[in-house]
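# Overview (structure and organization)
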Amino acid sequence: MIEFSGELSEINRQRIIKNDTFVNMVTIMNAVVIYTAIILAFAIAFHEWLITIMLSPLLVLIIYTPLFPHICKKKDLDEMMQKSIIFDEEYDGIYVDYNGKPRTAYFSFHDVKKIIDLGDSYYIKFYFPKLIIFVCQKDLITQGTIEEFEEMFADKIIVKEK
């Protein structure tokens, strides 16, 4: 069992926020495209151009999403951050505890697409549809060793050159 536990550095917190913002943007843009197509189809079919007014909420979503990290309270952003990540070989899984509300997420080792070694931390990416990422800061390892972690995911680790 390998565990990373503790407070992430500011740069790693920003990596998580940046990824979450990107995922939100992609999700909202997909919804916008579908919603816009439906509204425009009704507007053309019924010759009611006032229906296009229904597109105004989309503008709010498009503007709000990239601003979310800047508008959001620090307490709310802290609740998004992971508190600990446990890699359990016995159960072939990754358990993640978050700050704030008590909740735990489980991911299989098979869901891991790649692990990017950034020098000071590991950036864990999963296969679609899991668009979430985790950051394992090397100095926060509390159980196991870095060597054991690298051995566990030897075929998935990609070293990123600076």
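The structure under discussion appears in the preceding block.
A brief report on the enclosed structure follows. Here the structure is a predicted model, which is why all the values come from computation and not from measurement. (Residues numbered from 1 in each chain as written. Predicted model: local features only at pLDDT ≥ 70, side-chain atom pairs only at ≥ 80, totals over all residues. Heavy atoms only, no water.)

### Describing the sheet that holds strand 5 (residues 112–117)
Pairing is mixed in the open sheet, where four strands are placed in the order 7-6-5-9. Both edges of this open sheet fall to strand 7 (133–137) and strand 9 (157–159), since each of them pairs with a single strand only. With direction set aside, neighbouring strand axes in the sheet form an average angle of 25°. Of the strand pairs in this sheet, strand 5 and strand 9 are connected by three bridges, and their pairing is parallel. Within strand 9, the position partnered with Asp117 by the bridge is Val159. This element, helix 1 (residues 10–46), spans strand 6 (121–126) and strand 7 of the sheet and lies at about 175° to strand 7. (Pairing = 2+ DSSP bridges. Helix = DSSP H or I, 4+ residues; strand = E, 2+ residues; numbered from the N terminus. Axes fitted to C-alpha atoms, helices over the stretch in contact; angles between N-to-C directions. Contact = heavy atoms within 4.5 Å.)

### Here we look at a negative patch on the surface
There is a patch of like negative charges on the surface, built from Glu89, Glu147, Glu148, Glu150 and Glu151. With respect to the helices and strands, the residue Glu147 is situated in helix 4 (residues 146–152). (Patch = residues over 30% accessible without salt bridge, like charges linked within 9 Å, V, L, I, M, F, W, Y side chains within 5 Å. Areas by Shrake-Rupley, 256 points an atom, 1.4 Å probe, with all protein chains shown as cover. Salt bridge = Lys/Arg side-chain N within 4 Å of Asp/Glu carboxyl O. Lys, Arg positive; Asp, Glu negative; His and termini not counted. Charge placed at Lys NZ, Arg CZ, Asp CG, Glu CD.)

### What about the packing of aromatic side chains?
As enumerated under the stated definition, the model contains eight aromatic pairs in all. Here the aromatic rings of Tyr122 and Phe149 are separated by 4.6 Å at their centres, their planes lie at 45°, and the arrangement is tilted. Linking Tyr122 in strand 6 with Phe149 in helix 4, this pair joins segments that are 27 residues apart in sequence. Residue Phe149 is classed as buried on the basis of its relative accessible area of 0%. Ring pairing ties together the aromatic residues Phe4, Phe87, Phe109, Tyr122, Phe149 and Phe153, which thus form one cluster. (Phe/Tyr/Trp six-rings, centres within 6.5 Å; stacked < 30°, edge-to-face > 60°. Buried < 20%, exposed > 50% of the residue type's maximum accessible area, 1.4 Å probe, protein only.)

### Concerning unusual backbone geometry
At Asp92, a position not held by glycine, the phi torsion is positive, near 55°. Looking at the element boundaries, Asp92 is found in the loop between strand 2 (82–88) and strand 3 (93–98).

These figures come from the coordinates and say nothing about function on their own.
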